[in-house]
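Close look at the chain arrangement
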Amino acid sequence: MQKSIWKKHKVIILGIVCLLLFSQEASYVSADTNSDAYHYSYWGDTVPAPAAYEATAIITGKKLNTVPFKEPSDMHVTENQHVFILDSGNGRVIEMDHTFKLVRTIDSFEQEGKEEYFNNPQGLYVTNKGHLLIADSDNHRVVHLDEEGQLVKIVAEPKSDLLKTDFIFKPLRIVMDKGERIYVMAEGVFDGFMEFSADGTFSSFIGANRVQVDPVEYLWKRFATREQRSQMVMFTPTEFTNLDMDEEGFIYATSGDGGKDSIKKLNAQGTDILRREGYQPPQGDLVYTNEAGPSRLIDIDVGDSDMYSVLDSNMGRIFTYNGDGYLLHIFGGIGNRRGQFNTPVALERSGDRMLVLDKSLGEITVFQTTEYGRTLHEAVRSYYNGDEDQSSVMFAKAAEMNANLEYAYAGIGKALLRQKEYEDSAQYFKRSMERQGYSKAFLLFRKELMREHFSWMMSGLFLAAAAFVTVIIVRRQKRRTANADVK
């Protein structure tokens, strides 16, 4: 009896040891810290790459002739490239024009004849009409102002059977769609984003993350007593860290868990429809040390042509992907050099510029695209807009600037595939290690060959069959003649 129990314990202990070994992150070598720009190969290795952006300016409160920024937490860039900064520590919103000149400051609004102020606001969104939505976090409300800064409505503590009785509404990030539905990322909410109708009424949750289960902890729970299980941490879904909305109303969201689903694209039903057809799923850094850990994505900005960028607060890097999930470029970092950050919290695209907000330093770093960055972006835009000729030319130019950019060859292959140049397309797909594209191009090339040579191939088969039948008939005839002579 004791022997069987010991065997059972040995199996359990062996299983736990195996799980511990496989659940540990490998001791990867960190990407080159001497260069802010690098890339990942098809095999997941870091490789050198030219810089797609370079830092050109620093914006501070002092340069705007106003009070220095104090722990700013969010920003937004409108279609006319006006920049709105949420200066949380000073409880105000600052608007700049496209040349980064101060336009106005909003630090209060009037409600029923009474002056109201913001209390540690954390989220900001500006609509196409110029309306402002501020997640007034410590006042537990969302403030909706029009383009003149006048109050439209306030979304306060929501009431619903879907919420716990002790729920405290603390909005952190916010967006609004064209139907004026408001989506709020709130503190302590694990059920997804809170959706509010146009009149400010809470309606539902959308896009909840899946529960992330630690296999080691799960195994311990299987063999723990009821008292021990009650003291263990419950498995709960991962909280979102930020969200953005594209022109079509899709919500792009980030989670800080560093997993393969840390970036999502949610439709109206809350279903994740993000394409992950690249060499690796979009998730930030693939190579890191155990001490540094994986990327913690805390902001996302959606640009044109389905391109989007995410900000990693852990290492201060910005990763840009195309709509299919291919990594385009990486830049930024934590440090004291120009173009590096202390505590990056938000990023926004303004034309060919990228703006990164630093909370601790209270400043914005302005990045301008380099020739390489502009070439690569133009290649993606051309392909997105269906201009195969221009796309192929620009991808080839980008590949000349960066021989390690395997995606450029895939881009050329896709452009040639659209042009029905299947043989050349297959060769470029092969060079880029793009298996799915290569299979498709090769299949179409094979069909094209069959179609072109079908007539003479069938003629050849027919002639061969006819010759074969003729030979058989002649042989039979000769055999019969020989038999008749013998008789």
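Bear in mind that the values here come from a model prediction, so they are computed numbers and not experimental data. (Residues numbered from 1 in each chain as written. Predicted model: local features only at pLDDT ≥ 70, side-chain atom pairs only at ≥ 80, totals over all residues. Heavy atoms only, no water.)

Moving on, we get to the environment of Asp389. Looking at where Asp389 falls in the secondary structure, it is placed in helix α5 (residues 388-401). Taking the C-alpha atoms as reference points, Asp389 and Arg418, 29 residues apart in sequence, are found 9.8 Å from one another. (Helix = DSSP H or I, 4+ residues; strand = E, 2+ residues; numbered from the N terminus.)

Okay, the pattern of salt bridges next. The full count for this structure, using the stated rule, is 19 salt bridges. Notably, a salt bridge pairs Glu116 with Arg141, separated by 3.4 Å at the nearest N-O pair. Here Glu116 is found in strand β9 (residues 114-117), whereas its partner Arg141 is found in strand β12 (residues 141-145), with 25 residues between them in sequence. (Salt bridge = Lys/Arg side-chain N within 4 Å of Asp/Glu carboxyl O.)

Once that is clear, we can look at unusual backbone geometry. A positive phi angle is found at Asn65, which is not glycine, with a value near 60 degrees. Looking at the element boundaries, Asn65 is found in the loop between β3 (53-60) and β4 (74-77). The phi angle at Asp306 is positive, at roughly 70 degrees, despite the residue not being glycine. Examined against the element boundaries, Asp306 turns out to sit in the loop between β21 (297-302) and β22 (308-312).

What follows is about the layout of surface pockets. Considered as a void within the structure, the largest pocket measures approximately 1000 Å³ in volume. Lining the largest pocket are 35 residues, with Glu79, Asn128, Met245, Asp246 and Glu247 sitting closest to its centre. Sorting the residues of the lining of the largest pocket by element identifies β4, β10 (123-126), β18 (240-245), β21, β25 (344-350) and α4 (371-384) as the ones contributing at least two each. Residues of the lining of the largest pocket, tallied by class, amount to seven nonpolar, 12 polar and 16 charged. (1 Å grid on protein atoms, 1.4 Å probe; cavity = no way out; pocket = protein on both sides within 12 Å on 5 of 7 lines; lining within 4 Å. Points joined across faces, edges and corners; volume = space filled by probe spheres on them. Nonpolar A, V, L, I, M, F, W, Y, C, P; charged D, E, K, R; others polar.)

Further remarks concern the sheet that holds β22. If you walk across this open sheet you meet the four strands as β21-β22-β23-β24, and the pairing is antiparallel. Each edge of the sheet is formed by a strand with only one pairing partner; in this case those strands are β21 and β24 (327-332). For this sheet, the mean angle separating the axes of adjacent strands, direction not counted, is 20 degrees. (Pairing = 2+ DSSP bridges. Axes fitted to C-alpha atoms, helices over the stretch in contact; angles between N-to-C directions.)

Before going further, it helps to spend a moment on the side chain of Asp146. Tracing the backbone shows Asp146 in the loop between β12 and β13 (151-155). Not counting the four nearest positions on each side in its chain, Asp146 is found in contact with Gly130, His131, Leu132 and Val152. (Contact = heavy atoms within 4.5 Å.)

Turning to α5, a few remarks are in order. Helix length check: α5 (14 residues) gives 20 Å between terminal C-alpha atoms against 20 Å at 1.5 Å per residue, within 8%. Buried residues of α5: Glu388, Ser391, Ser392, Met394, Phe395, Ala398 and Ala399, and no others. For α5, the elements touching its buried residues are α4 and α6 (406-418). (Expected span 1.5 Å × (residues − 1). Buried < 20%, exposed > 50% of the residue type's maximum accessible area, 1.4 Å probe, protein only.)

Okay, the environment of Ser160 next. Tracing the sequence through the fold places Ser160 in the loop between β13 and β14 (171-176). For Ser160, a relative accessible area of 26% corresponds to the partly exposed category. A sequence separation of 42 residues divides Ser160 from Phe202, and the C-alpha atoms of the two residues are 7.2 Å apart. Of note is the side chain of Ser160, whose polar atom sits 3.1 Å from the backbone nitrogen of Leu162. (Polar contact = N/O pair within 3.5 Å; in protein donor to acceptor, adjacent residues only side chain to side chain.)

A word on the nonpolar core. Inside soluble globular proteins, nonpolar side chains tend to come together where they are buried. Ranked by internal contacts, the top residues of the largest apolar core, which has 29 residues, are Ile318, Phe367, Leu376, Phe395, Leu405 and Tyr407. Broken down by secondary-structure element, the contributors of at least two residues to this core are β24, β26 (353-358), α4, α5 and α6. The element contributing the most residues to this core is α6, with six residues. Here Leu376 is in contact with Leu328, His329, Phe395, Ala398 and Leu405, once residues within four sequence places are set aside. (Core = buried A, V, L, I, M, F, W, Y, C linked by side-chain atoms within 4.5 Å.)

Looking now at the packing of aromatic side chains. In the structure shown here, the tally under the stated rule is 16 aromatic pairs. Aromatic pair Tyr42 and Tyr279: ring centres 5.4 Å apart, planes at 85 degrees, arrangement edge-to-face. In this pair, Tyr42 is assigned in the loop between β1 (38-40) and β2 (46-48) and Tyr279 in the loop between β20 (263-266) and β21, connecting sequence segments 237 residues apart. Ring plane angle 55 degrees and centroid distance 5.9 Å describe the contact between Phe169 and Phe196, whose orientation is recorded as tilted. (Phe/Tyr/Trp six-rings, centres within 6.5 Å; stacked < 30°, edge-to-face > 60°.)

What follows is about the pairing of β4. Going residue by residue along β4, you find Asp74 and His76 tucked away on one face and Met75 and Val77 tucked away on the opposite face as well. In this structure, β4 lies alongside strand β5 (residues 83-87), joined through four bridges in antiparallel fashion. Bridge pairing in β5 links Met75 to Ile85. Between β4 and β5, which pair antiparallel one after the other, the connecting turn spans five residues, and Gln81 there sits at a positive phi close to 65 degrees.

Take a positive patch on the surface next. A grouping of Arg475, Arg476, Lys478, Arg479 and Arg480 is seen on the molecular surface, where their side chains present a positively charged patch. Its place among the elements puts Lys478 in helix α8 (residues 435-486). (Patch = residues over 30% accessible without salt bridge, like charges linked within 9 Å, V, L, I, M, F, W, Y side chains within 5 Å. Areas by Shrake-Rupley, 256 points an atom, 1.4 Å probe, with all protein chains shown as cover. Lys, Arg positive; Asp, Glu negative; His and termini not counted. Charge placed at Lys NZ, Arg CZ, Asp CG, Glu CD.)

Across the sheet, which stays open at both edges, the three strands sit in the order β18-β19-β20 with antiparallel pairing between neighbours. The open sheet has two edge strands, β18 and β20, and neither has a second partner. On average, adjacent strands in this sheet sit at an angle of 20 degrees to one another, irrespective of strand direction.

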